[in-house]
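Coordinate inspection notes
Each chain, letter by letter, is given below.
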Amino acid sequence: MMLKGRRPIFLVLVILFSNIIHFSSMVVVVAVRMELIHRHSPKLNNMPMMSGVERMKELLHNDIIRQNKRRGRRLRQTNNNNNNGASGSAIEMPLQAGRDYGTGMYFVEIKVGTPSQKLRLIVDTGSEFSWISCRYHCGPSCTKKGTIAGSRRRVFKADLSSSFKTIPCSSDMCKSEFARLFSLTFCPTPTSPCAYDYRYADGSAAKGIFGKERVTIGLENGRKTRIEEVVMGCSDTIQGQIFAEADGVLGLSYDKYSFAQKVTNSSTFARGKFAYCLVDHLSHKNVSNYLIFGEESKRMRMRMRYTLLGLIGPDYGVSVKGISIGGVMLNIPSQVWDFNRGGGTAFDSGTTLTFLAEPAYKPVVAALEMSLSRYQRLKRDAPFEYCFNSTGFDESSVPKLVFHFVDGARFEPHTKSYVIRVAHGIRCLGFVSATWPGASAIGNIMQQNYFWEFDLLKDRLGFAPSTCAS
């Protein structure tokens, strides 16, 4: 079966792994750490130079595709049983912003297989499973450098990995469990690999076979650990500009077969948690941070606030009660935040700007406009409705915006995260109007300079202000 209208992916994760190391029971497993690199980072050396507004237009195009898939969805709370067992140690990985190359998305490099092969993957909190650029039974078309002849994209050569296993198309896993992951019914022989055709809303696609493979992960102490039998698609056909410089996708959604679930369910580390901290989207290339699997430091935990974590489709979601500006709660209809009446709020690292359903968007923008009236308003093209000449701009003149959650928690984003700089001398309100009824979405610029912990065992989202310095 073929899926129509899937969202494209916007996070790219680059994880550096090396040879497998076996651990004795006496070794203490510490944090696993992955460096996240902005999609437009100079490290990738492949993106054309664009103005700030041009970058935002490009990113908004991707945001809108993503947002449209949320319309009409309802937030369902995750139904995991709470687990109050002993905390594990963490896996930590670095994250880099891309001021010198653009804004909006983040990337990683990984090594998979035995012996390991390095690939660059897009990381998406909204993707249910992971897939890589791959050849199975590729023969002479595979080169020694791990790329397809005539292509820049690196390719995983499954034939050279002793740990790669296919999944038979006759298996219950293929016919039943993978049906929601877009497996095909085509099954020429009982032992033929289970195939998929994974399509996205912008016309991008990945086609290939399901497999299971070993992933080796670097720990904080410099040692390595390995994750066995990670479900991973071996894609021999990849279409779409979004994947032009990526070698696949690392799925971090709340799904049985996502990489996040596989790692966080490990008994030796992670303990049901993963976290990230996104640096300022205008940070220079030498500023990095990490995607972390496992427990954060005690000092960070003492500063954390927590709120309920739910789902909107494969996306994570939060339970918003309202928004205040300058200490005054705005008059926003309660159904905008109601998960059971067509509303709700996604929490999405793959969306750049923050989308607010129309009944919330209008009062938020109106309240902020009042404080910015002293600055010359500029007429700008989409994606921004309100931009101004920021010469002499003072952030302290802007009233604080606060997201209030139903359980009493409060998220106070930094002013620069909602009055954002898009070009020299130009700032804009970083909100986009979303169709109502439909979900809102807190995007990654709004999340910047906060540490975010996804506790999948306790169904909660922890957060605390942070410089995101490693």
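Residues numbered from 1 in each chain as written. Predicted model: local features only at pLDDT ≥ 70, side-chain atom pairs only at ≥ 80, totals over all residues. Heavy atoms only, no water.

It is worth spelling out the state of the cysteines at this point. Under the criterion given, the structure shown has 4 disulfides. What pairs with Cys174 in a disulfide is Cys194, and their sulfur atoms sit 2.1 Å apart. Here Cys174 and Cys194 share a disulfide; its torsion about the S-S bond, 80°, makes the bridge right-handed. Here Cys194 lies in the loop between helix H2 (172-175) and strand S10 (195-199) and Cys174 lies in helix H2, a separation of 20 residues in the sequence. (Disulfide = S-S within 2.5 Å. Helix = DSSP H or I, 4+ residues; strand = E, 2+ residues; numbered from the N terminus.)

All right, on to the environment of Cys174 then. On the basis of relative accessibility, which here comes to 2%, the residue Cys174 falls in the buried class. Note: C-alpha distance between Cys174 and Ala195 (21 residues apart in sequence) is 8.3 Å. Residue contacts for Cys174: discarding those within four places in its chain leaves Pro168, Cys169, Ala179, Ser183 and Cys194. (Buried < 20%, exposed > 50% of the residue type's maximum accessible area, 1.4 Å probe, protein only. Contact = heavy atoms within 4.5 Å.)

Put simply, Thr114 and Pro115 share a cis peptide bond, and its omega is -5°. Relative to the elements of secondary structure, Pro115 occurs in the loop between strand S5 (106-112) and strand S6 (117-124). In this model, Trp436 is joined to Pro437 through a cis peptide bond whose omega is 0°. Its place among the elements puts Pro437 in the loop between strand S28 (431-434) and strand S29 (440-442). In this structure, Phe182 takes a positive phi of about 75° despite not being glycine. Among the secondary structure elements, Phe182 is positioned in the loop between H2 and S10. Residues other than glycine seldom take positive phi values, yet Asn449 does so here, at roughly 60°. Topologically, Asn449 is positioned in the loop between helix H6 (444-447) and strand S30 (450-455).

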